[in-house]
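Fold and geometry: a report
These are the residues of each chain, in order.
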Amino acid sequence: AMDHDRNKTLLLELQRAAGTGNDRCADCGRPDPAWASYKLGIFICLHCSGIHRNLPGITRVKSLRLDFWENDLIEFMKSHGNLCAKAKYEAKVPPYYYIPHSSDSLVLREQWIRAKYEREEFVATRVCQDPCTAGSREGLLWKLGPGRKQFHKRQFLLSAREGLMKYYGKDSRGPKAVISVESLNAMFQELKIGHAHGLQITYNTDGQTRNLFVYHESGKEIVDWFNAIRAARYHYLRTAFPDVPEHELIPRITRNFVKEGYMEKTGPKHKEAFRERWFSLDSQERTLMYFKDQLDEFAQGQIFIGGRDEGYEVRPRLPMGVHVKKRKPVITLVTPGREFVFLCDNDRTQKEWIDALDAVISQ
């Protein structure tokens, strides 16, 4: 038992040791990882340990606090650690490749772990793919049809060289849409799409944002599509903005909405009935879009959000002289042309929306 306790203490000291990178999960960066892979010599969080359990030939996990650790395993952990594994397994991660955070969807985190340790895609001996070839891909994806009822298999084609993405209908007589990589974006949306591999693709057409909702049965396949879109975007941005430093370019490859959800809105006179709408806030484009249904192809409207010095403001109360029958938390978004009034279901939602809108106004 004394050995056991001493080993626990050693492990926890190792996890906290400065300069080892062991104080954060080796795979998603979550602080204070409570698990470890004693085959790879890394410290990981509970969520990532669940993914490691599915790769028994490559990695084996134990809890730092609950499991018994033999002396030789402690020695192995000592001579390895997160930075050591990163140097080996992440030697050649392409700049466009999306490295997931702890808050990202399971499919992204699982494929990152598999790509690193199972397929060894980023070890030093691998030849790096240039973004032009990495950003070219074709294949079938399940795409949500116009009635929002069914998904249909559709052929998709992406070419970084041409700077285009296309998809085809049932009859392959020319593409249904030709999308410029310039306005292309993609984000994982499992809850909204109702599929663990659900991907929302957006692009601009005639000044409007258009949504496509797709998935693939294979987690690897959908994450490969996502990173191919990122490679094509990276190639475009690198070419269009040759002088922009890498660290500024990377966050602009693809983006998630900073906040989404239902609120009720009324019309410009503030006397119309309140109707429930789905809102998506895009901080990079400084746009708040609203939809009748969260899976609509086009927004019903979009509101540009400028800066505070241009007269934009968000308030937790109704505009002067406006009265509402419903007793619900209120948000007034003040723009130079109009004051938009929204109702939220509860105080928490109201606060989250106010904070998110305020951040865009302040940026």
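Residues numbered from 1 in each chain as written. Predicted model: local features only at pLDDT ≥ 70, side-chain atom pairs only at ≥ 80, totals over all residues. Heavy atoms only, no water.

- Under an unreviewed UniProt entry, the protein has the name ADAP2 protein and belongs to Campylorhamphus procurvoides.
- UniProt, in the comment section headed Subcellular location (unreviewed entry), describes the protein in these words: "Cytoplasm". (UniProt positions renumbered as here; feature names shortened; annotations may be inferred.)

Side note on the overall build of the protein
- Scanning the protein for helices and strands turns up ten helices and 17 strands.
- C-alpha atoms of the protein, sized along the principal axes, occupy 75 × 55 × 45 Å.
- Long-range contacts, defined as pairs at least 24 residues apart, comprise 51% of the intrachain contacts of the protein with a sequence gap of at least 6.
- In the structure as shown, the protein presents an accessible area of about 18300 Å², 50% of it carried by carbon and sulfur atoms.
- The protein carries 56 positive and 47 negative side-chain charges, and their two centres are separated by 5 Å. (Helix = DSSP H or I, 4+ residues; strand = E, 2+ residues; numbered from the N terminus. Contact = heavy atoms within 4.5 Å. Areas by Shrake-Rupley, 256 points an atom, 1.4 Å probe, with all protein chains shown as cover. Lys, Arg positive; Asp, Glu negative; His and termini not counted. Charge placed at Lys NZ, Arg CZ, Asp CG, Glu CD.)

Re the packing of helix α5 (residues 106–118) against helix α8 (residues 219–240)
- Relative orientation of the contacting elements α5 and α8 amounts to 95°, with a least axis distance of 10 Å. Here α8 runs roughly perpendicular to α5, going by the angle between their axes. Taken together, the residues of α8 that come into contact with α5 (itself represented by Val107, Leu108 and Gln111) are Gly219, Lys220, Ile222, Val223 and Phe226. (Axes fitted to C-alpha atoms, helices over the stretch in contact; angles between N-to-C directions. Parallel < 35°, antiparallel > 145°, perpendicular 65-115°, else oblique.)

Description of the environment of Ala91
- In this structure, Ala91 sits in the loop between α4 (82–89) and α5.
- When the C-alpha positions of Ala91 and Ala124 are compared, they lie 5.3 Å apart, and in sequence the two are 33 residues distant.
- Excluding residues that lie within four positions of it along the chain, Ala91 makes contacts with Lys86, Phe122, Val123 and Ala124.

Concerning the packing of aromatic side chains
- Counted under the stated rule, the structure contains 18 aromatic pairs.
- Aromatic pair Trp112 and Phe122: ring centres 5.7 Å apart, planes at 40°, arrangement tilted. Of this pair, Trp112 sits in helix α5 while Phe122 sits in the loop between α5 and α6 (131–134); the two residues are ten residues apart in sequence, bridging distant segments of the chain. Of the two residues examined, Trp112 and Phe122, each falls in the buried class.
- Measuring from ring centre to ring centre gives 5.2 Å for Phe188 and Phe226, while their planes differ by 70°; the resulting arrangement is edge-to-face. Within this pair, whereas Phe188 is found in strand β8 (residues 185–188), its partner Phe226 is found in helix α8, the two being separated by 38 residues in sequence. The pair Phe188 / Phe226 is uniform in exposure class, with both members buried.
- Sitting over the face of the ring of Tyr38, Lys62 holds its NZ or CZ atom 5.7 Å from the ring centroid. (Phe/Tyr/Trp six-rings, centres within 6.5 Å; stacked < 30°, edge-to-face > 60°. Buried < 20%, exposed > 50% of the residue type's maximum accessible area, 1.4 Å probe, protein only. Lys NZ or Arg CZ within 6 Å of the ring centre and 35° of its normal.)

A short note on the nonpolar core
- Counting residues in each nonpolar core, the largest one holds 32 residues, and the members touching the most others are Leu158, Met165 and Ile201.
- Residue contributions to this core peak at seven residues, all from α8.
- With sequence-adjacent residues up to four places away left out, Met165 is seen in contact with Phe156, Leu157, Leu158, Ala177, Val178, Ile179, Leu184, Ile201, Trp225 and Ile229.
- Counting residues in each nonpolar core, the second largest holds 20 residues, with Leu288, Tyr312, Val314 and Ile354 among its members. (Core = buried A, V, L, I, M, F, W, Y, C linked by side-chain atoms within 4.5 Å.)

A short note on unusual backbone geometry
- Of note in the backbone geometry, Arg148 takes a positive phi value of approximately 60° without being a glycine.
- Topologically, Arg148 is positioned in the loop between β4 (136–144) and β5 (151–159).
- Owing to a relative accessible area of 35%, Arg148 belongs among the partly exposed residues under this scheme.
- The phi dihedral of Arg286 is positive, around 55°, even though this residue is not glycine.
- Tracing the chain through its elements places Arg286 in the loop between β12 (275–282) and β13 (287–291).

Notes on the domain arrangement of the protein
- Annotation of the protein at the domain level lists domain 1 (1–118), domain 2 (136–252) and domain 3 (259–362).
- For domain 1 versus domain 3, the distance between C-alpha centres works out to 42 Å. (Domains from an automatic or database assignment.)

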